[in-house]
Amino acid sequence: MASVINGTEAAAAVIEKVKSSAQALEAEAGVVTGLAVVIVGTDPASQAYVGSKSKMAKDCGFKSVQHSLPEETTQQELLALVAQLNADTSIHGILVQLPLPKHLDSEPVIQSILPEKDVDGLHVVNAGKLATGDIDTGLISCTPAGALILVRNVRGEDLSGLSAVVIGRSNLFGKPMGQLLLSRNATVTMAHSRTKDLAKVCAGADILVAAVGRPEMVKGDWVKPGATVIDVGINRVAAPEKGEGKHKLVGDCDFASCEPVAGAITPVPKGVGPMTIAMLMANTVIAAYRKAGKTAPKF
Ligand code: GUN
């Protein structure tokens, strides 16, 4: 039986530290931390995520600005908004919600955000700092940063001697997750859709991180007994057992078969999910401290 990792509790601890850090910065330097969130179009899931990011920023005592742009926004208009937010000294963090509508090219937009305001950690400067082992001066993508805290809570600060397998190689999650685990001395394998014998690769993992976007793909017999399993998937699937037309959220791991084998496992929901938004707040207050020339809090 695994211990079930409580992401809600871990996220609340991060948020408490964000709040006290933001208060201290305001008291000591007269700086109110500012976050701008930009969304283009009407995708309901993105709208919901962005709404909760803006609300959490307010709860943390930040200046919270949300720009909701219409579907037909042009690349030029979006770049102009980012330029305006780059120049706004009351804004310390800028997040452009992804994915953007198909007619827009997200990469130039992301790269136009000032690296020091890139609270998503997607700018090449921030990705490059993480890749070269500089984890103290850049900004790190929120979901992997949050997932690493959950791993540290179970395994401690130093992962020397432990084998970690990350399934998924995206810029937003898989690549930075692998680099973070490496920075803590884990022996890291990056697995993905073209990996041969994925089940066998996973079975060697002391730390197994799944971010593939396939509902319940990782089965219990892929899990090493006692492993720490971090499930980053959020998949909406039909749940006829709850009634006709009902849905539920499941992860990339089959919880029912993984939980009896794992040593610790994150549930879905209430596992990694709450950590993402907490780390966005953490990155924003870190950016505000740095801008004020002060030593930023560590999370
Ligand atoms: N869409 C889903 N997750 C994220 C995220 O972490 N950042 C941004 N910008 N968009 C997302």
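Note that the structure is predicted; figures quoted are calculated from it, not measured.

## Side note on the nonpolar core
Nonpolar side chains tend toward joint burial in soluble globular proteins.
Reasoning step 1: By size, the foremost hydrophobic cluster in this structure holds 52 residues, and its most contacted members are Phe 62, Leu 181, Val 209, Ile 230 and Met 281.
Reasoning step 2: Those elements giving two or more residues to this core turn out to be helix H1 (7-29), strand S2 (34-40), helix H2 (44-59), helix H6 (142-155), strand S5 (163-167), helix H7 (174-183), strand S7 (207-210) and helix H10 (273-291).
Reasoning step 3: No other element matches H10, which puts 10 residues into this core.
Reasoning step 4: In this structure Val 209 touches Val 165, Val 166, Ile 167, Phe 173, Met 177, Leu 181, Ile 230 and Val 232, once residues within four positions along its chain are discounted.
Reasoning step 5: Judged by nonpolar contacts, the second largest core, of 19 residues, contains Ala 2, Leu 198, Trp 222 and Cys 253.

## Looking at H7
Reasoning step 1: Of all the residues in H7, the buried ones are Gly 174, Pro 176, Met 177, Gly 178, Leu 180 and Leu 181.
Reasoning step 2: Considering only its buried residues, H7 is in contact with helix H5 (124-131), H6, S5, strand S6 (187-191) and S7.
Reasoning step 3: Positive backbone phi, at 75 degrees, marks Asn 185, one or two positions downstream of H7.

## Let's talk about the site of the ligand
Reasoning step 1: Lining the immediate surroundings of the ligand are Leu 95, Val 96, Gln 97, Leu 98, Asp 120 and Leu 172.
Reasoning step 2: At 3.1 Å from a nitrogen atom of the ligand is found a side-chain nitrogen or oxygen belonging to Gln 97.
Reasoning step 3: Between Leu 98 and the ligand, the recorded distance is 2.8 Å, taken from a backbone N or O atom to a nitrogen atom.
Reasoning step 4: Within the complex, the protein chains bury 80% of what would otherwise be the 280 Å² of accessible surface of the ligand.
Reasoning step 5: Of the residues that constitute the shell around the ligand, the class distribution is 4 nonpolar, 1 polar and 1 charged.

## Observations regarding the pattern of salt bridges
For side chains of opposite charge, pairing can occur when their charged atoms come near one another.
Reasoning step 1: Per the counting criterion, the structure on display carries 7 salt bridges.
Reasoning step 2: Close ionic contact of Lys 294 with Glu 28 constitutes a salt bridge, the shortest N to O distance being 3.8 Å. Of this pair, Lys 294 sits in the segment after H10 while Glu 28 sits in helix H1; the two residues are 266 residues apart in sequence, bridging distant segments of the chain.
Reasoning step 3: For Glu 28, a relative accessible area of 55% corresponds to the exposed category.
Reasoning step 4: Ionic pairing is found between Asp 136 and Lys 298, a salt bridge with its closest N-O pair at 3.3 Å.

## A closer look at the UniProt feature "binding site: NADP(+)" (unreviewed entry) in the protein
Reasoning step 1: When the UniProt feature table is mapped onto this chain, "binding site: NADP(+)" (unreviewed entry) is found at Gly 168, Arg 169, Ser 170 and Ile 234.
Reasoning step 2: One can find Arg 169 in the loop between S5 and H7.
Reasoning step 3: When sequence neighbours within four positions are dropped, the list of residues in contact with Arg 169 reads Gly 174, Lys 175, Met 190, His 192, Ser 193 and Arg 194.
Reasoning step 4: With a relative accessible area of 47%, Ile 234 lands in the partly exposed category.
Reasoning step 5: If sequence neighbours within four positions are ignored, Ile 234 has contacts with Tyr 49, Leu 249 and Val 250.

## Here's the deal with the sheet that holds S2
Reasoning step 1: Spatially, 3 strands are ordered S3-S2-S4 in an open sheet, and the strand pairing comes out parallel. The sheet terminates laterally at strand S3 (63-69) and strand S4 (93-96), the two strands that pair on one side only. The average undirected angle you get between the axes of adjacent strands in this sheet is 15 degrees.
Reasoning step 2: Examined bridge by bridge, S2 and S4 share 4 bridges and lie parallel to one another. Bridge pairing in S4 links Val 37 to Leu 95.
Reasoning step 3: In this fold H2 packs onto S2, S3 and S4, with an angle of close to 170 degrees to the strand it touches most, S2.

## Brief notes about the packing of aromatic side chains
What describes a pair of aromatic rings is the distance from one ring centre to the other and the angle between the planes of the rings.
Reasoning step 1: Here the structure, examined in full by the defined rule, presents 0 aromatic pairs.
Reasoning step 2: Positioned above the aromatic ring of Phe 299 is the side chain of Lys 17, whose terminal nitrogen or guanidinium carbon lies 5.2 Å from the ring centre.

Rules of the game
Residues numbered from 1 in each chain as written. Predicted model: local features only at pLDDT ≥ 70, side-chain atom pairs only at ≥ 80, totals over all residues. Heavy atoms only, no water. Core = buried A, V, L, I, M, F, W, Y, C linked by side-chain atoms within 4.5 Å. Buried < 20%, exposed > 50% of the residue type's maximum accessible area, 1.4 Å probe, protein only. Helix = DSSP H or I, 4+ residues; strand = E, 2+ residues; numbered from the N terminus. Contact = heavy atoms within 4.5 Å. Near = heavy atom within 4 Å. Polar contact = N/O pair within 3.5 Å; in protein donor to acceptor, adjacent residues only side chain to side chain. Areas by Shrake-Rupley, 256 points an atom, 1.4 Å probe, with all protein chains shown as cover. Nonpolar A, V, L, I, M, F, W, Y, C, P; charged D, E, K, R; others polar. Salt bridge = Lys/Arg side-chain N within 4 Å of Asp/Glu carboxyl O. UniProt positions renumbered as here; feature names shortened; annotations may be inferred. Pairing = 2+ DSSP bridges. Axes fitted to C-alpha atoms, helices over the stretch in contact; angles between N-to-C directions. Phe/Tyr/Trp six-rings, centres within 6.5 Å; stacked < 30°, edge-to-face > 60°. Lys NZ or Arg CZ within 6 Å of the ring centre and 35° of its normal.

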